[in-house]
Amino acid sequence: MKKAIVVGATSGIGKSLAEILVQQGYVVGITGRRTALLQELKAQKPAAFQVRTFDVTDLNHITQHLDALAQELGGVDLLVISSGTGLLNLRLDFEPEQQTFETNVSGFTCVADWAFRYFEKQGFGHLVAITSIAGLRGNGAAPAYNASKAYQINYLEGLRQKARKQKKPVIITDIRPGYVDTDMAKGPGIFWAAPVEKAARQIFKAIQQERKVAYITKRWALIAAVYKRLPRWLLEQM
Ligand SMILES: NC(=O)c1ccc[n+]([C@@H]2O[C@H](COP(=O)([O-])OP(=O)(O)OC[C@H]3O[C@@H](n4cnc5c(N)ncnc54)[C@H](OP(=O)(O)O)[C@@H]3O)[C@@H](O)[C@H]2O)c1
């Protein structure tokens, strides 16, 4: 039986993906800060889920939590990082920026590194992270969010190169959604928001196919191609 950990499984994409993994026969370790939501998910199929509550910004304890969860599961084949925060910050207050980089940069790095080392040691494994199309360019309304997603995209590329050089079958998948209809994607300017189950199904398929990069839903690949090439003067006026 395959074993997975989904970090950030209390809601949205992570929750939906955890449900799909269980339907596909995985045993899944689910994490997040909201224990009640994790217990609610576990109640759907108690034997298929292992719950672990922790905050990815609590850097001194992440390794301990993931070690314990891996032991409870009896191994890990797949780890998905879906934890993330995205805050509009029009006044450019420091606190939302700090919350964003503590979660999406520091917490992300700590979890990704744990997974890489774990898979390196066992000789195989698959690390998946939900980054974003936002990581392709800067955004004045949420500068830290876009910058943190650019960091994640670049970091994953680095880990992929590292795995390749070490000739280790450690697969790194970068999932770049456009808008997905979750708590995070609320507010003005949202378009083409995919239902979360549809997005999670496409993410699962990309995992099965061991894709290096996948846009979710597929039509966001078109937007990404244009967005990446948008002239700077035009981006500045948006
Ligand atoms: N929705 C979109 O349109 C969209 C688009 C592109 C990329 N994404 C990315 O997709 C990922 C999932 O987001 P979502 O849309 O599914 O939003 P969501 O429903 O708000 O899910 C975010 C998840 O991250 C967890 N999380 C947040 N801060 C955490 C922390 N400090 N420690 C541990 N867990 C934490 C949350 O759990 P707790 O609150 O229980 O801790 C929750 O499970 C994010 O990385 C986001 O940037 C989303």
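The structure we're discussing is the one just above.
What this report covers is the structure whose coordinates are included nearby. It should be emphasised that the depicted structure is a prediction, and the values quoted were computed from it without experimental measurement.

## Brief notes about the sheet that holds strand S4 (residues 78-81)
Strand order across the open sheet formed by 7 strands is S3-S2-S1-S4-S5-S6-S7, with parallel pairing between neighbours. Each end of this open sheet is capped by a strand with a single partner; those strands are strand S3 (49-53) and strand S7 (213-216). Neighbour to neighbour, the strand axes of the sheet diverge by 15° on average, direction disregarded. Both strand S5 (residues 125-130) and strand S6 (residues 170-177) contribute to a ladder of 6 bridges, which runs parallel. Looking at the pairing, Gly125 lines up with Val170 of S6. Strands S5 and S6 of the sheet are contacted by helix H5 (residues 143-165), whose axis makes an angle of about 160° with S6. Seen against the sheet, helix H7 (residues 220-229) touches S6 and S7 and runs at an angle of roughly 110° to S7.

## Details of the packing of helix H4 (residues 94-122) against H5
Close contact between H4 and H5 brings their axes to 9 Å; oriented N to C, the two are set at 15°. As the angle between them shows, H4 and H5 are arranged roughly parallel. Seen from above, H4 lies across H5 with right-handed handedness. Two secondary-structure elements touch here, H4 through Glu97, Thr100, Phe101, Asn104, Val105, Phe108, Thr109, Ala112 and Phe116 and H5 through Ala144, Tyr145, Ser148, Lys149, Tyr151, Gln152, Tyr155 and Leu159. Of the residues belonging to the contact of H4 with H5, the class tally is 10 nonpolar, 5 polar and 2 charged.

## Here we look at the pairing of S6
By the criterion of burial, S6 is predominantly enclosed, with 7 of the 8 residues buried. Taken together, S5, H5 and S6 form a β-α-β motif whose crossover is right-handed. Two strands pair when backbone bridges link them, and S6 and S7 are joined in this way by 4 bridges, in the parallel orientation. The residue of S7 that forms the bridge with Pro177 is Ile216. In this fold, the crossover linking S6 to S7 by way of helix H6 (residues 196-208) has left-handed handedness.

## Examining the pairing of S4
The side-chain alternation of S4 yields two buried faces, one formed by Leu78 and Val80 and the other by Leu79 and Ile81. In this sheet, S4 lies alongside strand S1 (residues 3-7) in parallel orientation, the contact comprising 4 bridges. Each residue of the ladder has a partner; that of Ile5, found in S4, is Leu79. Strand direction decides the pairing type here: S4 and S5, joined by 4 bridges, are parallel.

Reading the values: the criteria
Residues numbered from 1 in each chain as written. Predicted model: local features only at pLDDT ≥ 70, side-chain atom pairs only at ≥ 80, totals over all residues. Pairing = 2+ DSSP bridges. Helix = DSSP H or I, 4+ residues; strand = E, 2+ residues; numbered from the N terminus. Axes fitted to C-alpha atoms, helices over the stretch in contact; angles between N-to-C directions. Contact = placed C-beta atoms within 7 Å. Parallel < 35°, antiparallel > 145°, perpendicular 65-115°, else oblique. Left-handed = near helix turned anticlockwise from the far one by under 90°. Nonpolar A, V, L, I, M, F, W, Y, C, P; charged D, E, K, R; others polar. Buried ≥ 20, exposed ≤ 12 C-beta atoms within 10 Å, placed from the backbone. Right-handed = clockwise from strand over helix to strand, strands pointing away.

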